[in-house]
Amino acid sequence: MMKNGHHHAGAGGSPEKRRRTVRVWCDGCYDMVHYGHSNQLRQAKAMGDYLIVGVHTDEEISKHKGPPVFTQQERYKMVRAIKWVDELVEGAPYVTTLQTLDKYSCDFCVHGDDITLTVDGKDTYEDVKKTGRYRECNRTQGVSTTDLVGRMLLMTKAHHSNIASSDYQQHTDNFGKGPRGSSPWTGVSQFLQTSQKIIQFASGQEPQPGDTIIYVAGAFDLFHIGHVDFLEAVHKLSEKPYIIVGLHFDQEVNRYKGKNYPIMNIHERTLSVLACRHVSEVVIGAPYTITKDLLDHFKVDLVCHGKTEVFPDRGGYDPYAVPKKKGIFRTVDSGNSLTTDNIVQRIIKNRLLYEARNQKKEAKELAVIQAIKSREEEKAKERTQAVA
């Protein structure tokens, strides 16, 4: 990522003086926070030194988009848990103004390369773009809130085992499409994991002497506020915690969760968990039964599990039998009973609202594309006339 050259000038030419901190602003609804949002914030942080994230209130979002699925308190907490965020501004205005950037001494704001429009169809970033205080980051291929909602609404196993299954194919064709064609921003796509992505998200920190190595395992599907509260509670168990999250493979999760769980595949769940500031390391495809080998390999001091039900392993045994016998198992009450199931229920309840909202967004985006197109055609016409 380029560091903006002109910011170095403030150092007065002498290398001993530290160049001033480049402050970056990001804002949004951050309603169903997923690894695409985390990746946006990671890129934004890389463009400067200090990242401030503004999150809109429920009221503001309802006015422009329709009611959010998560309350502002839940959304604030979720964004605070993302490790690239240095500061959070509650109730940030929906339209990013120069006043806001100045108020928080931010050099520029960063947004994804999709269009955001206000109620009256105006580009929310128009002013900051004009003054050159706008930067763009790449949208994360393969994930969008629309796509995730679509997966939830489709309660079959199709989206893991066989993407080509006609059911899912038809679904991806229908979801996020308005009456006339589809908008390139709200469509559905598939995520491709690369080692580069994992490196970008990973902490790269090894356990230090004196760290308490804590192992937790699960699906951590649709990484949500319930997970954050649990990991926060686990993090508080020690002065110097080093938390390793063991993620079960998709088939394993499906064995004990049923339906079409997990909604996010193992690759997506890996990034979601790595983005959390309490997590030091992830085991990609952890064994369901916690063995002596695993505990020895990672030199685990403590194994924790939340209040959720523990399903027996394939042999009908308690997967936590070994750590329990060793006396290093602990049940942690996060005080939050929210599960992935609850979220899916919340969203399905909002299904009609969502679909209406998507079609409205589609129509808005398509109108903008039309406007851009006709403007370009006009210009082309003028040019040809001028030549003639």
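For the structure, check the block above.
Residues numbered from 1 in each chain as written. Predicted model: local features only at pLDDT ≥ 70, side-chain atom pairs only at ≥ 80, totals over all residues. Heavy atoms only, no water.

### Section: the packing of aromatic side chains
Inference 1: Taken as a whole and judged by the stated rule, the model has eight aromatic pairs.
Inference 2: Geometrically, the ring pair formed by Trp-25 and Tyr-104 is stacked, given 5.3 Å between the ring centres and 20° between the ring planes. With a gap of 79 residues between them, Trp-25 in strand 1 (residues 23-28) and Tyr-104 in the loop between helix 4 (98-103) and strand 4 (108-112) connect regions that are remote in the sequence. In terms of burial, Trp-25 and Tyr-104 fall into one category: buried.
Inference 3: Among the aromatic residues, those joined into a ring-pair cluster are Tyr-256, Tyr-288 and Phe-311.
Inference 4: Above the face of the Tyr-134 ring, Lys-129 is positioned so that its terminal group lies 4.8 Å from the ring centre.
Inference 5: Between Arg-135 and the ring centre of Phe-108, over which it is positioned, the NZ or CZ distance is 4.2 Å. (Phe/Tyr/Trp six-rings, centres within 6.5 Å; stacked < 30°, edge-to-face > 60°. Helix = DSSP H or I, 4+ residues; strand = E, 2+ residues; numbered from the N terminus. Buried < 20%, exposed > 50% of the residue type's maximum accessible area, 1.4 Å probe, protein only. Lys NZ or Arg CZ within 6 Å of the ring centre and 35° of its normal.)

### Remarks on helix 11 (residues 250-257)
Inference 1: Taken residue by residue, helix 11 has Asp-250, Glu-252, Val-253, Asn-254 and Tyr-256 as its buried positions.
Inference 2: Once helix 11 finishes, Gly-258 follows within two positions and takes phi at roughly 70°, a positive value.

### Some details on unusual backbone geometry
Inference 1: Residue Pro-262 follows Tyr-261 across a cis peptide bond; omega there is -5°.
Inference 2: Assignment of secondary structure puts Pro-262 in the loop between helix 11 and helix 12 (266-274).
Inference 3: Located in the positive-phi region is Phe-220, a residue other than glycine, with phi close to 45°.
Inference 4: Turning to its location among the elements, Phe-220 is positioned in the loop between strand 6 (212-218) and helix 10 (225-235).
Inference 5: With relative accessibility at 7%, the residue Phe-220 sits in the buried group.
Inference 6: Positioned with a positive phi, Lys-259 is a non-glycine residue whose angle comes to about 45°.

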